[in-house]
Amino acid sequence: MTNQLFRTKSLNNMVADMEGSHRLKRTLGPISLTALGVGAIIGTGIFVLVGKAAATQAGPAIMLSFVVAGLACVFAALCYAEFASMAPVAGSAYNYAYATLGELMAWIIGWDLILEYAVASSTVAHGWSKYLQALLGQFGINPFAKDAFLHRFSDAPFDYNGKADAINHVSATGQEIVVQSGAFFGTGFYFDLPAILITAVVTAILVRGVAESAFANAIMVAIKVSVVLFVIFVGFWYVNFANWTDNFAPFGYGGITFFGQPVFGGTNQGMMAGAAGIIFAYLGFDAVSTQAEEAKNPKRDLPIGIIGSLVICTVLYIAVAAVLTGMVPYDQIDVNAPIARAFEQVGYGFAQFIVTVGAIAGITSVLLVMMMGQPRIFLAMARDGLMPIGFFGAVHPKWQTPYKSTILTGLVVASAASLLPLNILADLTNIGTLFAFTLVCASVLILRYVDPHRERPFRCPFSPLFPTLGILLCVALMLSLPSENWMRLVIWLAIGLGIYFCYGYWHSRLRHSTN
């Protein structure tokens, strides 16, 4: 049994599996892959998280926080690019772990990626609903507004008070209640209808075909990048340089924590704390590697897509952070709609409409890419026998997409986005992704040792230094997350291990091929 748990699958076998009847259609070039990466990254982070982190954790030093977080992602991205060029197959970090760390660790990381993509997609769909309602409100035609006929179909039916103190909550029916810390409570809503609608539309696009998905994503990326450039270049004229120079790092440059507890005499605020708080903003570049089988020339195009999208987004993030903290003093930033409110505070209220449109386009493209990645993880695991191949490995005969698992993904995301209190799950996306990054960096080091002569069209530079730095930075950021996120991750992984030992272990193709 132990031999199977740690037995690895050769990269040659992975490529051979791809050539079978369950293969996907190659339609994506370097520009499409880079656009997919930008589409997955730019969204909630740049339109929401930048304000929260600047106002409560780092001040103008949030610019350096983006550099630190981006650096951790760059190290991971270089490792992703090396693996993706060697094994251009669907599955991302799952396959990388299978090739180096063995079947058990491959299952763990695959199960972890399912959590990452599902929770991230549900969170994004929930956020899309709020921005749509805000946009409709600006036109005065919001059917989900208070006292409107669809008001009770605009949010989840219950929520959770994660704050340290009790809060007063007014439900959708007008009833005011006091909610104690750590308690669930009813909101008076039925479910979030806009979240269901956008999930259904994205699911239909993904089932139809990846080329059509990439085209739709490219349009949305063009819109949101245009809005981001508008924010940077127009906002620059409203920058007050004193907002940077008078108090650049009001909370200091520290903020390193251990399971949420400050270390070395620091606090949970500071430039490093800001870096841990904004890692969600970088999620998505790894989704490019899940499209490996659909890349026209994966050995060349995947590294371009992965690294290119990350570099573009890092530059945009730093520029937006600089403009935002220059336009408005950090302690006056609106954490809910920071960019739109910043323009309103300097007397340019029309920008609120422009930013809202950009936010909707940005969040839609993030949802599209995240939901595109999830079925491809299922497909890779099904090919190895760890999940039923008749369902999770089914590829549409005409559109050549994993349509059954795509529809299942849509159902799960729509249900979670419309019914669940996603605020308690959001940090799971951070810890799950950082866990995946850590394993990919470790896998590159291991494969360099066990298979040093394998052809590597792209090589992570300065190995073993860069992969090691990636591991250290990702682990440091993971440890800076609250301890309850570790408990939730352990519970999720325990459920996954139960499924593996009940089904995956016994149906593994690797097990049967060696018996």
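Below: a short report on this structure. (Residues numbered from 1 in each chain as written. Predicted model: local features only at pLDDT ≥ 70, side-chain atom pairs only at ≥ 80, totals over all residues. Heavy atoms only, no water.)

1. Topic: the overall build of the protein
Selection rule: Numbering of helices and strands runs from the N terminus, with a helix taken as a DSSP run of H or I at least four residues long and a strand as a DSSP run of E at least two residues long. Here a residue-residue contact requires only that any non-hydrogen atoms of the pair lie within 4.5 Å. Surface accessibility follows the Shrake-Rupley procedure with a 1.4 Å probe radius. Residue values consider only the protein chains on display as shielding.
Per the secondary structure count, the protein includes 20 helices and six strands. Counting only contacts in the protein whose residues sit at least 6 apart along the sequence, the fraction spanning at least 24 positions is 80%. Carbon and sulfur atoms make up 67% of the accessible area of the protein, which amounts to about 19900 Å² in all.

2. Side note on unusual backbone geometry
Rules: Partly exposed residues are those whose accessible area sits between 20% and 50% of the maximum for their type, while under 20% is buried and over 50% is exposed, using a 1.4 Å probe and protein chains only.
For the bond from Ser-463 to Pro-464, the omega torsion is 15°, close enough to zero to count as cis. Mapped onto the fold, Pro-464 is located in the loop between α17 (426-450) and α18 (465-479). For Asp-147, which is not glycine, the phi dihedral falls at a positive 75°. Summarising the element assignment, Asp-147 is placed in the loop between α7 (103-138) and β1 (158-160). A positive phi angle is found at Gln-400, which is not glycine, with a value near 55°. Mapped onto the secondary structure, Gln-400 falls in the loop between α15 (389-392) and α16 (403-419). Classification of Gln-400 as partly exposed rests on a relative accessible area of 27%.

3. Brief notes about the packing of aromatic side chains
Rules: The pairing test for Phe, Tyr and Trp rings, Trp by its six-membered ring, is centres within 6.5 Å, and the orientation test on the planes gives stacked under 30 degrees, edge-to-face over 60, and tilted for anything in between.
Using the criterion set out here, one finds 24 aromatic pairs in the structure. A ring pair is formed by Trp-107 and Tyr-500, whose centres lie 5.7 Å apart and whose planes are at 40°; its orientation type is tilted. Taken as a pair, Trp-107 in helix α7 and Tyr-500 in helix α19 (residues 483-507) lie far apart in primary sequence, 393 residues in all. What makes Trp-107 buried here is its relative accessible area of 0%. You can call Tyr-500 buried: its relative accessible area is 0%. Taking the centre distance of 6.4 Å and the plane angle of 75° together, the rings of Phe-236 and Trp-237 count as edge-to-face. A residue is classified by how much of its surface remains accessible, and Trp-237, at 73% relative accessible area, is exposed. An aromatic cluster is defined as three or more aromatic residues linked by ring pairs; in this entry it consists of Trp-107, Trp-111, Trp-492, Tyr-500, Phe-501, Tyr-505 and Trp-506.

4. Things to note about the side chain of Ser-154
The condition is simple: Any N or O atom pair separated by 3.5 Å or less is treated as a polar contact, with the protein-specific requirement of one donor-capable and one acceptor-capable atom, and with residues adjacent in sequence counted only for side-chain atom pairs.
On the secondary structure map, Ser-154 appears in the loop between α7 and β1. Within the structure, the side chain of Ser-154 is placed 2.6 Å from the backbone oxygen of His-151, a separation counted as a polar contact. In this view, Ser-154 contacts Ser-129, Lys-130, Gln-133, Phe-144, Phe-189, Phe-191 and Asp-192; residues no more than four positions away in its chain are not counted.

5. Here's the deal with a nonpolar patch on the surface
Threshold: Here the term patch refers to residues with relative accessible area over 30% and no salt bridge, with like charges joined within 9 Å and nonpolar side chains (Val, Leu, Ile, Met, Phe, Trp, Tyr) within 5 Å. By definition here, a salt bridge exists when the distance from a side-chain nitrogen of Lys or Arg to a carboxyl oxygen of Asp or Glu is within 4 Å.
Together, Phe-139, Ile-141, Phe-350 and Phe-353 make up an exposed nonpolar region whose accessible area comes to about 430 Å². Along the chain, Phe-353 turns up in helix α14 (residues 351-383). The class for Phe-353 is partly exposed, based on a relative accessible area of 30%.

6. Thoughts on the environment of Ser-508
With respect to the element layout, Ser-508 can be found in the loop between α19 and α20 (509-513). Put simply, Ser-508 and Arg-383 are 125 residues apart on the chain and 9.1 Å apart in space, counted from C-alpha to C-alpha. There is a polar contact of 2.6 Å between the side chain of Ser-508 and the side chain of Glu-103.

7. Here we look at the environment of Leu-472
Summarising the element assignment, Leu-472 is placed in helix α18. For Leu-472, a relative accessible area of 53% translates into the label exposed. A sequence separation of 400 residues divides Leu-472 from Ala-72, and the C-alpha atoms of the two residues are 8.7 Å apart.

8. What to know about the state of the cysteines
Formally: In what follows, a disulfide is any cysteine sulfur pair within 2.5 Å.
Inspection of every chain in the model, using the stated rule, returns zero disulfides. Take Cys-474: it sits in no disulfide, and the sulfur closest to it among the cysteines is that of Cys-441, at 5.6 Å. We classify Cys-474 as buried; its relative accessible area is 1%.

9. Re the packing of α7 against α14
Applied cut-off: Axis definition: a line fitted to C-alpha atoms, limited for helices to the stretch in contact. Angles are taken between N-to-C directions and run from 0 to 180 degrees. Here roughly perpendicular refers to angles of 65 to 115 degrees, roughly parallel to angles under 35, roughly antiparallel to angles over 145, and oblique to all remaining angles. Two helices crossing with the near one rotated counterclockwise from the far one by less than a right angle form a left-handed crossing, whereas a clockwise rotation gives a right-handed crossing. We call Asp, Glu, Lys and Arg charged. Ala, Val, Leu, Ile, Met, Phe, Trp, Tyr, Cys and Pro are nonpolar, and the rest, Gly among them, are polar.
Two numbers describe how α7 lies on α14: the axes approach to 8 Å, and their chain directions differ by 155°. One element, α7, and the other, α14, form an angle in the roughly antiparallel class. Note that α7 runs across α14; the crossing there is left-handed. Of the residues belonging to the contact of α7 with α14, the class tally is 25 nonpolar, nine polar and no charged.

10. Structural notes on the pattern of salt bridges
Inspection of the entire model under this criterion finds three salt bridges. Among the salt bridges present, the one from Arg-448 reaches Glu-82, with a minimum N-O distance of 2.8 Å. Remark: Glu-82 occurs in helix α5 (residues 62-86) and Arg-448 occurs in helix α17; sequence separation between them is 366 residues. A relative accessible area of 1% means that Glu-82 is categorised as buried. Close ionic contact of Arg-456 with Glu-82 constitutes a salt bridge, the shortest N to O distance being 3.1 Å. Here the residue Arg-456 occupies a position in the loop between α17 and α18, and Glu-82 occupies one in helix α5, the gap between them amounting to 374 residues. For the pair Arg-456 and Glu-82, one class covers both residues: buried. Salt bridges here are not isolated pairs; linked through shared partners, they connect Glu-82, Arg-448 and Arg-456.

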